Amino acid sequence: MAEVELQIDQATVVSATEAIAAVRCTLGPVRRGARFDRLRDLAEAIDLELTQILAYHRSVEELDPVHTALVTLQGRGVQHLTSATPGSHWQVIQGTNPPTS
């Protein structure tokens with residue numbers, strides 16, 4: 001399984017188990033269904049699945065490195081996602097792509 005990574009620019013927590021985030025892919029490509037289990041540089045536990053990728057207002061199956069998109073993440077730990085501020089670094093979530101069939 002390939003390691004993947006997204007930088008979060010803006011995060012909006014929609015519910016206790018869902019967030020929408022503007023992201024940039026820094027390691028990938030990241031595919032729909034990817035599971036994120038780590039916040040780089042933080043100890044908080046997360047278990048998030050990437051359920052939707054919107055790039056240029058259309059749904060896509062994957063996001064290549066350096067590209068940006070609006071993604072939906074579902075699972076445990078959405079409350080730990082934060083938006084970047086002028087004085088902070090972008091938060092980074094790390095995980096793996098789903099197995100290919």
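Residues numbered from 1 in each chain as written. Predicted model: local features only at pLDDT ≥ 70, side-chain atom pairs only at ≥ 80, totals over all residues. Heavy atoms only, no water.

K.L.:
Outline the nonpolar core, supporting the account with residue identities and numerical values.
P.N.:
Membership of the largest hydrophobic core comes to 25 residues, with the highest contact counts inside it found for Leu6, Phe36, Leu50, Leu81 and Ile93. Residue contacts for leucine 81: discarding those within four places in its chain leaves Ile8, Ala11, Ala19, Leu39, Leu48, Leu73, Gln91 and Ile93. (Core = buried A, V, L, I, M, F, W, Y, C linked by side-chain atoms within 4.5 Å. Buried < 20%, exposed > 50% of the residue type's maximum accessible area, 1.4 Å probe, protein only. Contact = heavy atoms within 4.5 Å.)

K.L.:
Describe the environment of glycine 77, naming the residues involved and giving the relevant values.
P.N.:
Summarising the element assignment, glycine 77 is placed in the loop between strand 8 (68-76) and strand 9 (91-96). Between the C-alpha atoms of glycine 77 and leucine 50, which are 27 residues apart in sequence, the distance is 13 Å. With residues near it in sequence (within four places) discarded, glycine 77 still touches Ala45, Ile46 and Leu48. (Helix = DSSP H or I, 4+ residues; strand = E, 2+ residues; numbered from the N terminus.)

K.L.:
So what about the packing of aromatic side chains? Which residues, and what values?
P.N.:
Using the criterion set out here, one finds zero aromatic pairs in the structure. Stacked on the ring of tryptophan 90, the Lys or Arg arginine 24 has its end atom at 4.5 Å from the ring centre. (Phe/Tyr/Trp six-rings, centres within 6.5 Å; stacked < 30°, edge-to-face > 60°. Lys NZ or Arg CZ within 6 Å of the ring centre and 35° of its normal.)

K.L.:
So what about unusual backbone geometry? Which residues, and what values?
P.N.:
Note on backbone geometry: most residues besides glycine have negative phi, and most peptide bonds are trans. Omega for the bond connecting glycine 28 with proline 29 falls within 30 degrees of zero, at 20°, which places this linkage in the cis form. Counting through the fold element by element, proline 29 comes out in the loop between strand 2 (18-27) and strand 3 (30-31).

The quantities given are spatial measurements derived from coordinates; they are silent on function.
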